Amino acid sequence: MTLFLLVSAIVILACVLCNKLTSKLGVPALLAFILLGMFFGSDGVVKIPFDNYVLAQDLCSAALIFIMFYGGFGTNWHQARPVAVKAALLSSLGTTLTAGLVGLFCWQALALPTLESFLLGAIIASTDAASVFSILRSKRLDLRDHTASLLEVESGSNDPFAYMLTILLLSLMTDGLSAPAVLYQIFAQLVYGGALGIAIALAARFILQRFSLVSAGFDAIFLVAVALLSYAVPTLLGGNGYLSVYLTGILLGNSKLANKQALVNFFDGVTGLMQMFLFFLLGLLSFPSQLPDIAPTALSVALFLTFVARPAVVFLLMAPFHSSVRQMMLVSWSGLRGAASIVFSILAITSPAMTNLDLYHIVFFIVLFSILLQGSLIPPLAKKLDMTDRESNVLKTFTDYTDEIPIQFLQCTLSPGH
């Protein structure tokens with residue numbers, strides 16, 4: 001136990017130092033966390049043996065709960081409202097179309113098995129909230145036309161749709177669903193997840209606004225339980241737990257709560273720790289020696305996703321809103337893949353469905369490609385496209401922004417020769 005605690009402390013300190021280093025180099029910190037996990041993993045220098053996908057799925061799912069809750073809790077709805085419809089379309093229909101295009105490419109161009117092709121498309125269809133939030137905050141990336149809010153809402157809300165598509169395809173590969181069964185699963189995922197998320201948020205807000213808890217800090221503990229509850233209840237009933245968590249977070253984050261700033265700071269710290277843990281664990285679970293075998297397939301999918309599927313979907317859905325070409329180009333490039341995609345690949349591996357593809361390492365490769373290439377180039381691309389806005393403040397898109405700082409003025413008279 002003592003050795004485990006020592007290693008944990010060393011890893012956390014290394015992640016903090018890597019965060020400082022990557023901010024200077026212009027590389028997303030999440031990439032450093034993954035590489036650090038690979039350094040400690042079975043194929044790395046430290047060689048910690050870890051290949052338990054079932055345990056990894058449980059731990060990663062728990063970490064995702066807090067990341068998605070804070071994705072909603074930290075989003076300022078007042079700033080996001082003008083682009084809410086576009087963001088909702090990108091996160092729902094956009095995720096579905098992206099999964100379909102990637103699946104079609106894998107099936108026809110790469111000659112992969114049909115259902116496995118579309119399963120891979122579903123797994124990597126969503127963009128990563130942790131990566132997007134990290135880049136916007138660390139780079140203070142102020143963007144025109146509410147683009148920062150658009151990216152935040154889209155990346156925070158599209159994981160539930162990718163999860164739903166993944167579950168549907170895994171069910172088709174195991175049991176073979178009839179049309180009514182597919183429709184019911186979609187209904188249960190969206191309706192149970194959405195309704196229960198809203199109900200739990202309203203109940204939690206009522207309690208926080210009407211009753212004072214025992215002592216300072218207990219409101220944060222209360223919200224931890226609420227986040228876990230908002231995932232567990234709908235999941236047990238066949239609903240979408242991730243959708244529920246996100247809706248609970250966004251409703252509570254935009255409510256008038258006592259001690260709001262402290263709550264945001266608490267979940268900011270918890271989410272940062274969860275991101276370190278999640279990306280490190282995913283790196284630890286990987287075997288870099290297996291990456292060359294899947295590199296041709298993974299690179300082909302990554303290039304198609306980045307330069308064909310994502311731009312096609314973004315232009316198709318945003319053009320009717322008369323969005324500028326510059327904004328659509330930046331949104332297309334900002335579709336980073338991340339932790340959720342890798343977690344969904346673990347879900348596919350641990351399910352009863354039989355797959356011949358090395359889904360974990362294919363998705364792992366795509367995520368590394370996305371974070372390294374797209375994540376590093378978002379700030380310079382935004383400047384190149386003249387999408388940066390010096391008169392705005394990207395922190396206004398988060399609920400912990402305070403427009404005024406309380407200042408106390410003192411007045412006194414100084415006489416001559418004082």
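Everything discussed here concerns the structure shown above.
Participant: If you had to explain the overall build of the protein to someone new, which residues and values would you point to?
Facilitator: Helix and strand content of the protein: 17 helices and 0 strands. Its C-alpha radius of gyration of 22 Å places the protein within 12% of the 22 Å reference for a compact globule of 418 residues. Each principal axis of the C-alpha distribution contributes one length, and for the protein these read about 90 × 55 × 50 Å. Burial status across the protein gives 54% buried among its 418 residues.

Participant: Give a detailed account of the side chain of Ser-345, specifying residues and quantitative values.
Facilitator: Structurally, Ser-345 is set in helix H16 (residues 339-350). With a relative accessible area of 0%, Ser-345 lands in the buried category. Of note is the side chain of Ser-345, whose polar atom sits 2.5 Å from the backbone oxygen of Ile-342. Not counting chain neighbours up to four residues away, the residues in contact with Ser-345 comprise Ile-123, Leu-359, Tyr-360 and Val-363.

Participant: Break down unusual backbone geometry for me, with residues and values.
Facilitator: You will see that Ala-111, though not glycine, has its phi angle at about 60 degrees, which is positive. Positive phi is not limited to glycine here, since Asp-386 has a value of about 60 degrees. The topology assignment puts Asp-386 in the segment after helix H17 (359-384). The exposure class assigned to Asp-386 is partly exposed, which follows from its relative accessible area of 38%.

Participant: Please give an account of the packing of helix H14 (residues 291-318) against helix H15 (residues 325-333) that cites residues and values.
Facilitator: Closest axis-to-axis distance for the H14/H15 pair is 9 Å, and the angle between their directions is 135 degrees. Judged by the angle between their axes, H14 and H15 are oblique. At the point where H14 passes H15, the crossing takes the right-handed sense. Residues Thr-306, Phe-307, Arg-310, Pro-311, Val-314, Phe-315 and Met-318 of H14 form the contact with H15, whose participating residues are Val-325, Gln-327, Met-328, Met-329, Val-331, Ser-332 and Trp-333. Of the residues in the contact of H14 with H15, the class split is 10 nonpolar, 3 polar and 1 charged.

Participant: Explain the packing of helix H2 (residues 29-40) against H17 residue by residue, including any values.
Facilitator: Helix packing for two helices is described by the angle between their axes and how far apart those axes are. In contact at an axis separation of 10 Å, H2 and H17 are set at 140 degrees when each is read in the N-to-C sense. Regarding the angle of H2 to H17, the classification is oblique. Regarding H2 and H17, the two cross each other, and that crossing is left-handed. Contact with H2, carried on its side by Leu-31, Ile-34 and Met-38, involves Phe-364, Val-367, Leu-368, Ile-371 and Leu-372 of H17 and no other residues of that element. Its residues placed into classes, the contact of H2 with H17 shows 8 nonpolar, no polar and no charged.

Participant: Explain the nonpolar core to me, and be specific about the residues and the numbers.
Facilitator: Across soluble globular proteins, you tend to see nonpolar side chains buried next to one another. One finds Ile-124 and Leu-278 to be the most contacted residues of the largest nonpolar core, which totals 98 residues. Per-element tally for this core: the top contributor is helix H13 (residues 260-285), with 13 residues. In contact with Ile-124, not counting residues within four places along its chain, are Val-102, Val-301, Leu-305, Arg-337, Ser-341, Val-363 and Ile-366. Within the second largest apolar cluster, 28 residues are counted, among which are Leu-150, Val-153, Leu-336 and Ile-378.

Participant: Which residues make up a nonpolar patch on the surface, and what are the values?
Facilitator: Together, Tyr-184, Phe-187, Leu-190 and Val-191 line one region of the surface with nonpolar side chains, adding up to about 350 Å² of accessible area. Its place among the elements puts Tyr-184 in helix H10 (residues 179-210).

Participant: Please set out H17 residue by residue, giving values where relevant.
Facilitator: Taking 1.5 Å per residue as the helical rise, H17 with its 26 residues ought to reach 38 Å, and the 35 Å between its terminal C-alpha atoms agrees with that figure. Remark: the principal bend of H17, roughly 50 degrees, maps to Ile-378, with a proline, Pro-379, within the next four residues. Just downstream of H17, Asp-386 is the residue with a positive phi angle, here 60 degrees.

Participant: Tell me about H14, and name the residues and values.
Facilitator: Helix length check: H14 (28 residues) gives 36 Å between terminal C-alpha atoms against 40 Å at 1.5 Å per residue, more than 12% under. Its maximal kink placed at Leu-305, H14 deviates by approximately 45 degrees.

Participant: Please give an account of the side chain of Ser-171 that cites residues and values.
Facilitator: In this structure, Ser-171 sits in helix H9 (residues 159-174). Residue class for Ser-171 comes out buried when judged on its relative accessible area of 14%. Among the polar contacts made by the side chain of Ser-171, one reaches the main-chain carbonyl oxygen of Ile-167 at a distance of 2.9 Å. Side-chain polar atoms of Ser-171 contact the side chain of Gln-185, separated by 3.5 Å.

About the thresholds
- Residues numbered from 1 in each chain as written.
- Predicted model: local features only at pLDDT ≥ 70, side-chain atom pairs only at ≥ 80, totals over all residues.
- Heavy atoms only, no water.
- Helix = DSSP H or I, 4+ residues; strand = E, 2+ residues; numbered from the N terminus.
- Rg over C-alpha atoms; globule rule 2.2 N^0.38 Å.
- Buried < 20%, exposed > 50% of the residue type's maximum accessible area, 1.4 Å probe, protein only.
- Polar contact = N/O pair within 3.5 Å; in protein donor to acceptor, adjacent residues only side chain to side chain.
- Contact = heavy atoms within 4.5 Å.
- Axes fitted to C-alpha atoms, helices over the stretch in contact; angles between N-to-C directions.
- Parallel < 35°, antiparallel > 145°, perpendicular 65-115°, else oblique.
- Left-handed = near helix turned anticlockwise from the far one by under 90°.
- Nonpolar A, V, L, I, M, F, W, Y, C, P; charged D, E, K, R; others polar.
- Core = buried A, V, L, I, M, F, W, Y, C linked by side-chain atoms within 4.5 Å.
- Patch = residues over 30% accessible without salt bridge, like charges linked within 9 Å, V, L, I, M, F, W, Y side chains within 5 Å.
- Areas by Shrake-Rupley, 256 points an atom, 1.4 Å probe, with all protein chains shown as cover.
- Salt bridge = Lys/Arg side-chain N within 4 Å of Asp/Glu carboxyl O.
- Expected span 1.5 Å × (residues − 1).
- Bend = angle between axes of the 7 residues up to and from the residue.

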